[in-house]
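# Working through the structure, step by step
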Amino acid sequence: MLVSKAFTFDAAHLLPYYDGECRNLHGHTYRLVVTIDAPVQKDGLAMDFAILKRIVKEKVVDRLDHTYLNDLLQNPSAEHVVIWIGNDLKDAVPATLHQVDLAETPSSWVVYRGE
Ligand SMILES: [Zn+2]
């Protein structure tokens, strides 16, 4: 069973190698969706949403919300940020991390599946 939980956080960044306006300092309300893969247990749940929420909030959202992402990553493209999130979460969740989606806008997002 795939189980997902969605979050939002606000952060600023600039892309130093981008040839365009994203080279300038700007911000996004990022939408993060974390999906884990786990079998359905006898209690009917594959993963308690509350546990998944607590882990992602503590490991990712609380660390990135209202920050300047270039302090964390030299080139914080959505791709690099989602890799950082995926690497941070894969050992923290008590199940297989299936996918991490990170959207910079409602129409633009990246999907991490371990690479
Ligand atoms: Zn941006």
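Below you will find a few notes about this structure. The model shown is predicted, which means the values in this text are computed figures rather than measured ones.

Reading guide: rules and limits
- Residues numbered from 1 in each chain as written.
- Predicted model: local features only at pLDDT ≥ 70, side-chain atom pairs only at ≥ 80, totals over all residues.
- Helix = DSSP H or I, 4+ residues; strand = E, 2+ residues; numbered from the N terminus.
- Buried ≥ 20, exposed ≤ 12 C-beta atoms within 10 Å, placed from the backbone.
- Contact = placed C-beta atoms within 7 Å.
- Expected span 1.5 Å × (residues − 1).
- Axes fitted to C-alpha atoms, helices over the stretch in contact; angles between N-to-C directions.
- Parallel < 35°, antiparallel > 145°, perpendicular 65-115°, else oblique.
- Left-handed = near helix turned anticlockwise from the far one by under 90°.
- Nonpolar A, V, L, I, M, F, W, Y, C, P; charged D, E, K, R; others polar.
- Pairing = 2+ DSSP bridges.

### With respect to the overall build of the protein chain
Across its full length, the protein chain holds two helices and five strands. The order of α-helices and β-strands along the protein chain, N terminus first, is β-β-α-β-α-β-β. Counting across all 115 residues of the protein chain, residues that qualify as buried make up 22%. Looking at the protein chain alone, contacts between residues at least 24 apart form 63% of all its contacts between residues at least 6 apart.

### Observations regarding helix α2 (residues 78-90)
Between its first and last C-alpha, α2 extends 18 Å over 13 residues, near the 18 Å set by a 1.5 Å rise per residue. Taken together, the buried positions of α2 are occupied by V81, V82, W84, I85, G86 and L89. If you follow the buried residues of α2, they end up packed against β2 (26-37), α1 (49-64), β4 (96-105) and β5 (108-112).

### Overview of the packing of α1 against α2
Contact pair α1 / α2: the axes reach a minimum separation of 10 Å and the direction vectors enclose 140 degrees. When the axis of α1 is compared with that of α2, the two are oblique. Handedness of the α1/α2 crossing: right-handed. Contact residues: α1 offers V56, K59 and V60, while α2 offers I85, D88 and L89. When the residues that make up the contact of α1 with α2 are grouped by side-chain class, the tally is four nonpolar, no polar and two charged.

### Considerations on the pairing of β5
Note: β4 against β5, five bridges, orientation antiparallel. Looking at β5, one finds that L102 is bridged to V110. Here β4 hands over to β5 after two residues, the two strands then running antiparallel side by side.

### Comments concerning the pairing of strand β1 (residues 2-13)
Taken together, the twelve bridges between β1 and β2 define a ladder with antiparallel strand orientation. Note that in β2 the partner of A6 across the bridge is V33. Across two bridges, the pairing between β1 and strand β3 (residues 67-68) is parallel. Residue pairing in the sheet places A12 in a bridge with Y68 of β3.

### Some remarks on the sheet that holds β5
Spatially, the five strands line up as an open sheet ordered β3-β1-β2-β4-β5, and their pairing is mixed. The sheet is open, and its two edges are formed by β3 and β5, each paired on a single side. With seven bridges connecting them, β2 and β4 associate as antiparallel partners. Its bridge partner being in β4, V34 is matched across the sheet by V100. Against the sheet, α1 engages β1, β2 and β3, with an angle of about 15 degrees to β1. Its contacts with the sheet place α2 against β2, β4 and β5, and it is angled at close to 150 degrees to β4.

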